[in-house]
Structure formats: structure tokens, C-alpha cells
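Coordinate inspection notes
Here is what each chain is made of, one letter per residue.
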Amino acid sequence: MNKRSLDLLYRSFDAQLSEDEKAELASALASSESLRREEEAALAMRDAVRTSAVRSFKPFFSSRVLNRMKALEKPNDPMEELWKALVTMFRPVAVAGALTLVAILAFNLASAERWTLDTMLGVSEPGIEEVWTLTVLEESNQ
Amino acid sequence: MTERELIKQAKAGNVQAFEQLVKNYESRVAATVIGMLGPCLAADDVGQEVFIRLHKYFGSFKEDASLATYITRIAINLSLNELKRRKRRQFLFRSSQLTELDATTNPDEHIDQTESQRLVHAAIQKLAPEFRSVVVLRLIEGYSTRDTADILGVPEGTVLSRLSRAQKKLKKHLTPFFQEKV
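Everything numeric here is computed off the predicted structure, so don't read it as measured data. (Residues numbered from 1 in each chain as written. Chains lettered and ligands numbered in written order. Predicted model: local features only at pLDDT ≥ 70, side-chain atom pairs only at ≥ 80, totals over all residues. Heavy atoms only, no water.)

Some points on the overall build of chain A
Across its full length, chain A carries 7 helices and 0 strands. In chain A, the succession of α and β elements from N to C terminus is α-α-α-α-α-α-α. Scaling as 2.2 N^0.38, a compact globule of 142 residues should have a C-alpha radius of gyration of about 14 Å, whereas chain A reaches 40 Å, well beyond that. Principal-axis analysis of the C-alpha atoms places the extent of chain A at approximately 120 × 50 × 25 Å. Each of the 142 residues in chain A was classed as buried or not, and the buried ones make up 24%. Nonlocal contacts in chain A, meaning residues at least 24 apart in sequence, comprise 35% of its contacts between residues at least 6 apart. In the structure as shown, chain A presents an accessible area of about 10600 Å², 62% of it carried by carbon and sulfur atoms. Taking the average location of the 17 positive side-chain charges in chain A and that of its 22 negative ones, the two points are 17 Å from each other. (Helix = DSSP H or I, 4+ residues; strand = E, 2+ residues; numbered from the N terminus. Rg over C-alpha atoms; globule rule 2.2 N^0.38 Å. Buried < 20%, exposed > 50% of the residue type's maximum accessible area, 1.4 Å probe, protein only. Contact = heavy atoms within 4.5 Å. Areas by Shrake-Rupley, 256 points an atom, 1.4 Å probe, with all protein chains shown as cover. Lys, Arg positive; Asp, Glu negative; His and termini not counted. Charge placed at Lys NZ, Arg CZ, Asp CG, Glu CD.)

Some remarks on the interface of chain B and chain A
Opposite the 44 residues of chain B that make contact, chain A presents 33 residues. Taken together, both faces of the contact between chain B and chain A bury some 3600 Å²; the carbon and sulfur share is 67%. For the interface between chain B and chain A, the tally reads 6 salt bridges. For Arg55(A), the salt bridge identified is with Glu141(B), shortest N-O distance 3.6 Å. (Buried area = accessible area lost by both parts, 1.4 Å probe. Salt bridge = Lys/Arg side-chain N within 4 Å of Asp/Glu carboxyl O.)

Points about the nonpolar core
In this structure, Val49(A), Phe18(B), Val33(B), Phe51(B), Leu54(B), Phe58(B) and Leu67(B) are the most contacted members of the largest nonpolar core, which totals 64 residues. Apart from residues no more than four positions distant in its own chain, Phe51(B) is found in contact with Phe61(A), Val65(A), Phe18(B), Leu21(B), Val22(B), Tyr25(B), Glu26(B), Val29(B) and Ile71(B). Residues Tyr10(A), Leu17(A), Leu25(A) and Ala28(A) belong to the second largest nonpolar core, which totals 11 residues. (Core = buried A, V, L, I, M, F, W, Y, C linked by side-chain atoms within 4.5 Å.)

Quick word on the pattern of salt bridges
The tally for this structure, following the rule as stated, stands at 20 salt bridges over all chains. The network of salt bridges with shared partners includes Lys3(A), Asp7(A) and Lys168(B).

Topic: the domain arrangement of chain B
Residue and element names in this part refer to chain B. Assigned domains within chain B: domain 1 (1-112) and domain 2 (113-182). Contacts between the two partners involve 19 residues from domain 1 and, on the opposite side, 17 residues from domain 2. Between domain 1 and domain 2, the buried area comes to about 1400 Å², and carbon and sulfur atoms account for 61% of it. Taken together, domain 1 and domain 2 are joined by 1 salt bridge. For Arg28, the salt bridge goes to Glu141, with nearest N and O atoms at 3.3 Å. For the interface between domain 1 and domain 2, the tally reads 6 residue pairs in polar contact (both at pLDDT 80 or more). Contributing elements (two or more residues each) for the side of domain 1 that touches domain 2: helix H2 (15-37) and helix H4 (67-93). Ranked by residues supplied to the side of domain 1 that touches domain 2, first place goes to H4 with 8 residues. Residues belonging to the side of domain 1 that touches domain 2 are distributed by class as follows: 10 nonpolar, 5 polar and 4 charged. (Domains from an automatic or database assignment. Polar contact = N/O pair within 3.5 Å; in protein donor to acceptor, adjacent residues only side chain to side chain. Nonpolar A, V, L, I, M, F, W, Y, C, P; charged D, E, K, R; others polar.)

A closer look at a nonpolar patch on the surface
Residue and element names in this part refer to chain A. A contiguous nonpolar surface patch, about 780 Å² in accessible area, is contributed by Met79, Leu82, Trp83, Leu86, Met89, Phe90 and Val93. Checked against the element boundaries, Val93 lands in helix H5 (residues 78-111). The exposure class of Val93 is exposed, given its relative accessible area of 53%. (Patch = residues over 30% accessible without salt bridge, like charges linked within 9 Å, V, L, I, M, F, W, Y side chains within 5 Å.)

Concerning the side chain of Thr145(B)
Structurally, the position occupied by Thr145(B) is in helix H8 (residues 145-152). At 2.5 Å, the side chain of Thr145(B) and the backbone oxygen of Asp14(A) are in polar contact. Contacts of Thr145(B), omitting those with residues within four sequence positions, involve Asp14(A), Arg138(B), Glu156(B), Val159(B) and Leu160(B).

Quick notes on the side chain of Arg86(B)
Residue position: Arg86(B) is located in helix H4. Among the polar contacts made by the side chain of Arg86(B), one reaches the main-chain carbonyl oxygen of Leu37(B) at a distance of 3.4 Å.

Structural data, given as C-alpha cells:
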């Protein structure tokens, strides 16, 4: 059984072979037992596939289709529509805001020497000079 | 009522005529969709969607064309979309088992299957979608090679080569189970 005979065999199931090809296949089938076995196997397999078909859905399929069509045709609640529109409109803003916040927190953490809540929020710790200046200013105001 | 009359009435908005068309074509759509997706719960949803699409786009259907081919084309396209969705989910969740899970852990229990039917379905599910579609249309639905090519929008030669490769793969998968038959 050579590749050419095998290809001809499979083509013969689904396409019209030329007269020459038909003769070639017939001669190959006559001389090769393995090709004949292949033909039998292929035909049995095709039959198994054809008879395996499931030809119905769950019971009351047509009723389910019509119910679903009715549900789709029903006008939607205006409040629900408004809510959906608002969610659709603000979703990108919310996502962009959340991403920006995460980026700021990441930047603050990356540039901080110590990891504390203040450094994460970008609040710098006052140095001793700043505390001194503030105290002096406060006293002079009083 | 003839099919032509049913189509005319359904297009005009007659619900009973449309319901009759659904009943007439349920078996064809079931064979196509279940053949493509396996006997899973999603198949019923896709089957319903086929008729909803038909209803929605009935206006563009030419009455001299074949309704069977028109419906089968919708069924194949929706099934291919469902397979793409599965593939995306599989990619997102990085689970190589998801396709099998869809068909086996969510089986439609209302579908009675013999052991050999189960084996054949499992073997068909192992084929890539482009091979599966030619097997379903040509071997299950019995469309000619030309009609199969028309429905899928590919040349006839492509259908023939896909069929040949698909049958060799199917035979490989099924041989251990059908030793005495195959």
C-alpha cells in the first residue's frame, strides 16, 4: 500500500475520480490486501461517525428559543439602562484612577529609604531644622 | 403548509410558523452544534442562538436559497465562535484541560449516548476546528464536498485535503476502541 493509493482511496469517498484514477485504484485494491483492509476500516469509521450524531437538544427546545426571543424583545427598564450607561462611562475613569494611584504608591515606595505608611503616601518626615523653624515661627507669632 | 409558505409567514412575523421552522430544523442544528462542541451544556445555548440569529436576519435570507444551508452556515459560524471563546478561556486560565472539561464535566445529561457515540464524539473533539467542521458537514450532515466548501467559504480542494487528514486522525484515535470494526 503506497501513499498514492491511500490518497486515491480517501479521495474516492468524497470526490469524483477520473477514469484513469478509478482504474489505478481498482488495480491497487485488487493487488493489496492492506489497502482493502484500509478501505474497510475507513468505511466503518465513516459509518461510526455518521451514526454518532445526536439529533436533538433537551426537550422543549422550540419553547426555550421562543421564550428567549420574547425576553430579548422586551423593552428594558430605563433606570437599569441608565445604570449600565453610567457604569460603562465611568469604568475607564475608575480603572485609570486606580492605575495612577498604584503607580504613585509604587514610585513613593521605590524612592523611599524606609517603607512606612507615610513614605508610601508621599508624606515626608520633617527634619530637625524644619521642626526648629516651625517652633521659632510659632513662638514669634505668639 | 409547505416550507416556502412557512418561511414567508415566519418572515412576516408569524410566531407559530417560526416555531414550526425551529422544530423542523432542530435535528439538523443539533447534529451540527453537538458535532462541533460535543454534547455539553453550551451546545443548547448555541443551538438557541442559531435560531435567534435566523429570526434577526431573516430579512436578508433570499427565499429561493436553501434554508437548510443558511441555518447550517449560522450553526457552524456560531460553533466556531464558541470554540474560539473556549480557546481564549483556556489561554487565560492556562488550563490545557478546559476544552475537555467543557464537554465532559458539563455534559448535557438529557442527551443519551451509547459508549461508541461517546468515543466517536471524544475523537471528533480532539480534531482542530477546521477539521472538525468538514467532518461534521460532510460525514455527519451528508453535505456534498461542494456544499461543504460553500458553507465554509473555502475551495473544494481544501475540503478534500482536510477530510483526508481528519479521517486519518480519527482512525488513529478510534482504532484502539473499534478493533473489531475499524
